[in-house]
Structures are given as structure tokens and as C-alpha cells.
Amino acid sequence: MVQALDHLKETASQTAGPYVHIGLTPNFCGIGGVYDADLGTVMVGEKTLGQRITVSGRVLDGTGTPLKDALVEIWQADAAGLYNSPSEMRGSADPAFLGWGRCPTGAEDGVFRFETIKPGKVPFKDGRPMAPHITFWIVARGINVGLHTRMYFPDEVEANAADPLLLRVEHRDRVATLVATGSAPNYIFDIHLQGEKETVFLDI
Amino acid sequence: MSDRANRKPETGAFFPRDRNWHAPALTPGYKTSVLRSPQKALLSLDGTISEITGPVFGHSMLGERDNDLIHNFAKPGESAIGERIIVHGRVLDERRRPVPGALLEFWQANAGGRYRHKKESYLAALDPNFGGCGRTITDEDGFYSLRTIKPGPYPWPNGVNDWRPAHIHFSIFGHGFAQRLITQMYFEGDPMIWKCPIVNTIADRRAIEQLIAPLDWANTIPMDARAYKFDIVLRGRRSTLFENRMEGN
Ligand SMILES: [Fe+2]
């Protein structure tokens, strides 16, 4: 016998289901009066530092149909490349920017949209800079475990070419699935759940 | 922020997710997954600062009735119809450490199994005093509790005659974005759990059992509400001793 490791198992994920908006964006789905406002709808205020951008896109299924019942969350660094988190040891992030947003895909067009700022570069574990990026997490009916991915910027060609995560993508033509289209200040990031253009999702 | 200001900073990466414990993406018994499941391999990578960090939600954002679904949508002096229950427990990580300051958001059907949602088509009645959403934040020891009515089971279009067992949806925000989790809680003794195609997306019976809240008789409030205990485990974080450190860290 040896000592027991005594670890617990992570609670298994279950789909967010068709009514995720009741729980996470109740005002959006017509349940008013419980919370003043839905969390994560406003990311940027007057005092927030950095270049204002919008990021919009759709989440598409294997037939190319946009999901109208998905929910997208994003997490990003501030303009100086610092996260507003107690785990950020390199300095203090912009107090006027939480860096987290939440948006349902539209019931009519399936489009999500974030008004945010362009994040700065943050270091990879070995100190190499990672290109500016926004972390995405996607849940919906039919998705059993929430999907993590990243959005990079199309106007950061050099930084993207040296990005340690993008360099790990074996099939080089799939790198493009992690890079937005459009140009400053309006970027478009479509997420393909499957098919030829399937987005690279991360186990991270 | 002050809640965690005095703690040792958490800078380690998270334990990898056990992908055999979680449901796979493609689970044909749950038909909607067929066209919404990635088919290519995930890109596996040790967490970077973009995943080990996460936002803090302060207790000050909570309203007084946010975790009381019996009253948070009800007209003054009225309450939701159904079996009154308390759901309580702890949020822990895989190393058994409590997760303080975790944001929990929950949603559910009413006592008749009906959701307050425009896409909902089940013929069961709406309860005018029940909205179906709530939220809370764990205390310094990782504890949380909420009050609600026991949700009813409901039919859904998947197979010809598929029903969801009574359940409460939980969304959990721990300390790192990599811990982000949505799951569902079931009730001890419900025979419908084992017939459910969504439950059965999970292959390991122990992982399913971990989603079933036992009746907690000791914590039942006499003449008021029965209690169910539901602990939630988030990914553990490596100890940071001997980690590769980032420059300036
Ligand atoms: Fe449900």
C-alpha cells in the first residue's frame, strides 16, 4: 500500500441546454426585475484605457447554420497586457477594465457582439510574448463540455507568426480559424463547431 | 478583491481535464450534439496566464434575494408554488481546497417542469411567481446555499418519449478562466436520471453519481424546507513550487 493521493474528480460538465439565458442573461430573455442588469454586458467605460474595438461573430454548426441559443464569454488582458486577476503577479491591471464579457448569440441572426479594447501582449510560460489575443468560451444546447478557443488579430501578422500557441497548430491552414477577419476597430470572429473550417478548440 | 487579498497568490496551472470522465463532444443519443460537436482533436496545452487568471466577482454585486428563487420573482407577499427546498454545499477544487468567492448562477424549471422562456413549448402552466434564476458567491470556506422549489421533470424533443429528470442547472466561475464549468444537479432517488440521454452522455457511472444531490435530513428546516447537499469540484491548481516561472514573476 502507498498513501492515497486523495484528489477529488472534477464535477462532470453537462450541456448548458436551450435555456442557458434564463440563468446567465435573464434580462436578455425577458426575465426582468431579478437582477439590475445582466453580467458581462458592458466591458468598457469612459475611464478604460486602450483602443476601442468591437468583436462580433457567429457560432456555426456542421451545416453552417448559426446557433441562436449559444452563449459566448470572453476573457482578455488590458491594453498594457495585464489581467485584472489576483493571479496576475506582474503588476496592476487597469482598474477600469475587468476584461470579462458575456454575450448570447442573437435570437434572430445568431450574432454575438462585444465592445471592448484591444489587449496588449502577455508572456507565454517561457517568457516569449504571445500575440494579442482574446480567450473565448462557448456553451450551448448540444455542447457537452464548454469549448475554449482564442481569437487573434489579423493586423498582428508578425506577432502572430511568433505566437507560441499558434506555432503549436500542426496543420498550418487551420491557424486561420483562430484569426479574426475585418480590421480595426471592427473585427469579425466566426466560430465553426465542425466541418472543413472547424475552429481549433483548446484543451488548456 | 479584498476577500482574497490576504491569500497566497494562485499562479499554478490547472490539472488537465480528464476527458474520459467528462462526456465526449459527440454523443448521438443526445441528438443536438451531432452537428455541434467538434470532430478534430483539441489542441492540448498547459495553461498560460490567459487561462490561469480570472475575474473576481465581489459579494457587493449580489441582491438580498438573488439566491432565493421562491421570492426573487414573486409579487410582494407571495411565493413560488412547489416543494420548498434548500440546496447547499461547497465548491472545492480537485485538491480538496475550498474555492472562496466562486460565482454560482443557477436556473431551473418551475414545479410543473415549465421554463419561463419564449422557446419553451411544454403545456405545463407557468407560475406567475417563479422566474427560475438565481445566483450566489461562495464564502471564505467555499460554502453556498440557495432556496428554491423542487423543479418538475419535463419532456423534450429528442427521442419520441424522452424526459429530463428534475434538475437544476449550475454555472460556476472559480478563480481561473480554465475552471469555467456548467453542469446540472439531480435529486437522490429519481429513477428518471438513468433514462436521460443527457445524463447518459457521461460514460462513467461515478461521474454521474457525483451530480446527484442526497437528501440532507440533518439540515432540513422543520416545518419549512427540506435540504439537499450538492458539492461542486473545480479543476485543481498545481502547487507553484518548482514551476517554470515567467520573466519578472
Ligand atoms: Fe433544464
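Cut-offs applied
For every chain, the first residue of the written sequence is number 1, and numbering continues from 1 along that sequence. Lettering for chains starts from A, numbering for ligands starts from 1, and both go in the order in which the items are written. Selection of residues for local features in this predicted model requires a pLDDT of at least 70, selection of side-chain atom pairs for listing and counting requires 80 or more, and totals for whole chains, interfaces and linings are taken over all residues. Side-chain numbers come from the whole structure's heavy atoms, not from hydrogens or water. Here, residues are in contact when the closest pair of their heavy atoms is within 4.5 Å. Accessible area that two parts lose when put together, with a 1.4 Å probe and added across both, is what the buried area reports. Just to be clear on terms, a salt bridge is a Lys or Arg side-chain nitrogen sitting within 4 Å of an Asp or Glu carboxyl oxygen. Here a polar contact means two N or O atoms within 3.5 Å. Within protein one must be a hydrogen donor candidate and the other an acceptor candidate, and residues neighboring in sequence count only if both atoms are side-chain atoms. Labels follow the DSSP assignment, with helices taken as runs of H or I lasting at least four residues and strands as runs of E lasting at least two, numbered in each case from the N terminus. All residues other than Ala, Val, Leu, Ile, Met, Phe, Trp, Tyr, Cys, Pro, Asp, Glu, Lys and Arg, Gly among them, are scored as polar; the first ten of these are nonpolar and the last four charged. In this scheme, strands are said to pair when DSSP sees at least two bridges between them. Atoms are scored as donors when they are N, O or S and lie within 2.8 Å of the metal, with 3.2 Å used for Na, K and Ca; no water is included, so coordination may look incomplete. Angular criteria define each label, namely tetrahedral for four donors with all angles between 85 and 135 degrees, square planar for four and octahedral for six donors with opposite donors over 155 degrees apart and remaining angles between 65 and 115, and irregular for whatever fails these tests. Relative accessible area decides the class of each residue, using a 1.4 Å probe on protein chains only: under 20% of the type maximum gives buried, over 50% gives exposed, and in between gives partly exposed. A residue's pLDDT is the predictor's confidence in that residue, given on a scale from 0 to 100.

### Focus on the interface of chain B and chain A
On the chain A side, the residues contacting the 95 residues of chain B number 79 residues. Summed over both sides, the interface between chain B and chain A buries roughly 8100 Å², with carbon and sulfur atoms accounting for 57% of that surface. Of all residues in chain B, R36, L43 and L45 of chain B bury the most surface against chain A, accounting for 11% of the area lost on that side. On the surface where chain B and chain A come into contact, there are nine salt bridges. For D46 of chain B, the salt bridge is made with K125 of chain A, and the minimal N-O distance between the two is 3.5 Å. The interface formed by chain B and chain A includes 49 residue pairs in polar contact (both at pLDDT 80 or more). The element best represented in the side of chain B that touches chain A is strand β9 (residues 181–187) of chain B, accounting for five residues. A per-class count over the side of chain B that touches chain A returns 43 nonpolar, 25 polar and 27 charged. Here two bridges tie strand β12 (residues 202–203) of chain A to strand β1 (residues 43–44) of chain B, and the two strands are oriented parallel to one another. Within β1 of chain B, the residue paired with L202 of chain A across the bridge is L43 of chain B.

### Looking at the sheet that holds strand β10 (residues 212–213) of chain B
Residues and elements named next belong to chain B. Read from one edge to the other, the open sheet built from five strands follows the order β4-β3-β8-β9-β10, with strand pairing classed as mixed. Strands with a single pairing partner mark the edges of an open sheet, and in this sheet they are β4 (133–137) and β10. Alignment of strand β3 (residues 103–107) against β4, held across five bridges, turns out to be antiparallel. In the sheet register, E105 faces β4, and the bridge partner there is R135.

### Looking at the coordination of the iron ion
All names here are of chain B. Coordination of the iron ion by the protein is provided by Y115 (OH), Y154 (OH), H167 (NE2) and H169 (NE2), with metal-donor distances spanning 1.9 to 2.2 Å. Coordination at the iron ion is irregular, judged from the four donor atoms that bind it and the angles of 90 to 160° they form at the metal. In primary sequence terms, the donor set of the iron ion follows Y-x38-Y-x12-H-x1-H. Residue Y154 is located in strand β6 (residues 154–156), and its partner H167 is located in strand β8 (residues 167–173); the two are separated by 13 residues in the primary sequence.

### A closer look at the pairing of strand β3 (residues 100–104) of chain A
Residues and elements named next belong to chain A. Among the five residues in β3, five count as buried, and that is most of the element. Burial along β3 is two-sided: W100, R102 and P104 and G101 and C103, pointing in opposite directions, are all buried. Sheet topology places strand β2 (residues 71–75) next to β3; five bridges connect them, and they run antiparallel. Bridged to I74 within β3 is G101.

### Here's the deal with the confidence of the model for chain B
Across chain B, the average pLDDT comes to 94, with 93% of residues at or above 70. As a predicted assembly, this complex carries a pTM of 0.96 together with an ipTM value of 0.97.

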